[in-house]
Amino acid sequence: MLGISERTRSLGTENAFVVLKEVGELIRQGKDVVNFCIGQPDFDTPEYIKEAAIKAIKEGKTGYTPSPGIPELREAVAEYFSETRNIDVKPDWVVIANGAKPFISYTILSVTDYGKGEEVLYPNPGFPIYESQIRANGAVPVPLPLYESKGYAFDVEYMEKMITEKTRLLILNSPHNPTGGVLDRDILEQIADIVKRHDNLWVFSDEVYSRMVHDGEFVSIASFPGMQERTIIVDGVSKTYAMTGWRIGFAANEKLATHISRWITNTDSCAAHPNQYAALAALTGPQDESEKMMKSFKKRRDIIVEGLNKIEGIKCLKPGGAFYAWPNVTEACRLVGVKDSEEFRKQLLYEAGVAVLSDIHFGFKNEGEGEHIRFSYATSEENIREGLNRIRRYIEENRVN
Ligand SMILES: Cc1ncc(COP(=O)(O)O)c(C=O)c1O
């Protein structure tokens, strides 16, 4: 029999895509669904960015580029990282890839060896690709539970206890998918102090939502003394400039840049050439459209959080960043007599016409943390209001407790 490797069969996925397929099917059947599943801006890519890509194509910038990317974009990213993270980043330390996502596996591949029991710490709940790629690349996933009572940060003392001689990498993601939590300066400093005590411990800092901090400032762990050399800073244009389908992400680390470039030579060869020019225009062009989008996310955050907290059985912390809300629906599940968040999600989809994701799509449930669902509020205010109304009505009409 033609076999499929165990590694492939056990590969995790991003359930947002699975649920989206389900939602797409319902919509095709004519069902009216308010969709809060998809983690991408609902705006179109700004015109000047599109024009830059068209110009690049017309000028024949359509061949391979060097694996780490075109020099102009590496320079622009170095400048962008230096300015926004308050550090000094050289263009040679920057690598461009087809999205921020591929850096997850490139980094794990670059700092851990397959099957040697090397450990990677990652947030749970978290972006599901972290755990999936840690396993697929033969390392050992070590989850760091995030707690509602800590504003969805993890317990730093617990993190310290979980670091062993085998720990090679700590994955951080702030602002965070799915909770919207932001790690503040104080907690990042505590994390940095612990990490620095370990010679062979890298940090993967997933900063794709760095421009979506709604209250206060964005802080990168790379900005603390002694941290830049051991941190791979990862960001991209997907979320900031409404460019998810253009697939351009970037990362910076002095030591890892050449190694990650070799992985790119071995896989994609390079990021899509014209799209690198689009990203260059995004970073170096006028920022007002992006800023407008970021402001609208903040306004929507306020609407959705206030609305959710008015629904009986739902409690929602105010997320500090990204475009996700992660309400606790333990009581709502009890009110309508469903056993958990996943059943609640299905009820919302099929009975109320509201598509969300549930906590099981982002890892396992941390003990005592209850049931949660994830809303992406990258959708219109009108949709948000309609979705909330439908949920409120559904709970009122289906109460059994
Ligand atoms: C935390 C996190 N990291 C990375 C990505 C992937 O970003 P990109 O589109 O740049 O590959 C996402 C997308 O949802 C994300 O939520």
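Residues numbered from 1 in each chain as written. Predicted model: local features only at pLDDT ≥ 70, side-chain atom pairs only at ≥ 80, totals over all residues.

## Description of the domain arrangement of the protein
Stated formally: These domain boundaries are the output of an automatic or database domain assignment. Throughout, a pair of residues is in contact if the C-beta atoms placed from their backbones lie within 7 Å. Counting from the N terminus, the helices are the DSSP runs of H or I reaching at least four residues and the strands are the DSSP runs of E reaching at least two.
When the domains of the protein are assigned, the result is domain 1 (6–44 + 289–397) and domain 2 (47–284). Taking only C-alpha atoms, the centre of domain 1 and the centre of domain 2 are 25 Å apart. Contact with domain 1, which involves 36 residues of that partner, is made by 34 residues of domain 2. Counting only elements with at least two residues in the side of domain 1 that touches domain 2, the list comes to helix 11 (288–309) and strand 10 (324–325). For the side of domain 1 that touches domain 2, the element with the highest residue contribution is helix 11, accounting for 6 residues.

## Some thoughts on the packing of helix 3 (residues 47–58) against helix 10 (residues 273–284)
Basically, it comes down to this: The angle between two axes is taken between their N-to-C directions and runs from 0 to 180 degrees, where each axis is a line fitted to C-alpha atoms and a helix contributes only its stretch in contact. We call a crossing left-handed when the near helix sits turned anticlockwise from the far one by less than a right angle, and right-handed when that turn is clockwise. Polar here means any residue outside two lists: the nonpolar Ala, Val, Leu, Ile, Met, Phe, Trp, Tyr, Cys and Pro, and the charged Asp, Glu, Lys and Arg; Gly therefore counts as polar.
Remark: helix 3 packs on helix 10, axes separated minimally by 8 Å, with the N-to-C direction vectors making an angle of 145 degrees. Note on packing geometry: the crossing formed by helix 3 with helix 10 is right-handed. Taking contact as the criterion, the partners of Y48, I49, A52, A53, A56 and I57 in helix 3 are, on helix 10, P274, N275, Y277, A278, L280, A281 and A282. Class assignment for the residues of the contact of helix 3 with helix 10 results in 12 nonpolar, 1 polar and no charged.

## As for the sheet that holds strand 6 (residues 167–173)
The condition is simple: Two strands form a pair only when DSSP identifies at least two bridges running between them.
Taken in spatial order, the 8 strands line up as 2-9-8-7-6-3-4-5 in an open sheet, and their pairing is mixed. A strand with exactly one partner marks an edge of an open sheet, and here the two such strands are strand 2 (94–97) and strand 5 (153–154). Looking at chain direction, strand 3 (residues 119–124) and strand 6 are connected through 3 bridges and run parallel. Bridged to E119 within strand 6 is T167. On top of the sheet, helix 4 (residues 71–85) reaches strand 2, strand 8 (231–236) and strand 9 (249–252); it is set at about 115 degrees to strand 2, its chief contact. Relative to the sheet, helix 6 (residues 128–136) contacts strand 3, strand 4 (140–147) and strand 6, its axis offset from that of strand 3 by approximately 160 degrees.

## Observations regarding the packing of helix 11 against helix 14 (residues 381–397)
Which entries qualify depends on this criterion: Comment on the angle field: the value is read as roughly parallel under 35 degrees, roughly antiparallel over 145, roughly perpendicular from 65 to 115, and oblique elsewhere.
As a packed pair, helix 11 and helix 14 sit with axes 10 Å apart at the nearest point and diverge in direction by 10 degrees. Our classification of the angle between helix 11 and helix 14 gives roughly parallel. On helix 14, the residues touching R300, I303, I304, G307 and L308 of helix 11 are E381, I384 and L388. Among the residues forming the contact of helix 11 with helix 14, the class breakdown is 5 nonpolar, 1 polar and 2 charged.

## So, the pairing of strand 7 (residues 202–206)
Heads up, the condition is: Here exposure depends only on C-beta density: within 10 Å of a residue's C-beta, 20 or more other C-beta atoms make it buried, 12 or fewer make it exposed, and intermediate numbers make it partly exposed, the C-beta atoms being placed from the backbone. With strands facing away from the observer, any crossover in which the path from the first strand over the helix to the second runs clockwise is taken as right-handed.
Of all 5 residues in strand 7, 5 are buried, a share of seventy percent or more. By the bridge criterion, 5 bridges tie strand 6 to strand 7 in an arrangement that is parallel. Bridge pairing in strand 7 places L170 opposite V203. Crossover strand 6 to strand 7 through helix 8 (residues 185–195) is right-handed. Sheet topology places strand 7 next to strand 8; 4 bridges connect them, and they run parallel. Within the sheet, the bridge partner assigned to V203 lies in strand 8 and is T231.

## Here we look at helix 6
Inspection of helix 6 places Y130, E131, Q133 and I134 among the buried residues, and these make up the whole buried set. In this structure, the buried residues of helix 6 make contact with helix 5 (102–111), strand 3, strand 4 and strand 6. Immediately beyond the C-terminal end of helix 6, within one or two residues, lies G138, with a positive phi of roughly 75 degrees.

## Considering the environment of L73
Relative to the helices and strands, L73 is located in helix 4. Taking the number of C-beta atoms within 10 Å as the measure of exposure, L73 has 28 and is therefore buried. For the pair formed by L73 and T284, sequence separation is 211 residues and the distance between their alpha carbons is 9.4 Å. Ignoring anything within four residues of it in the chain, the contact list for L73 reads I96, Q276, A279 and L280.

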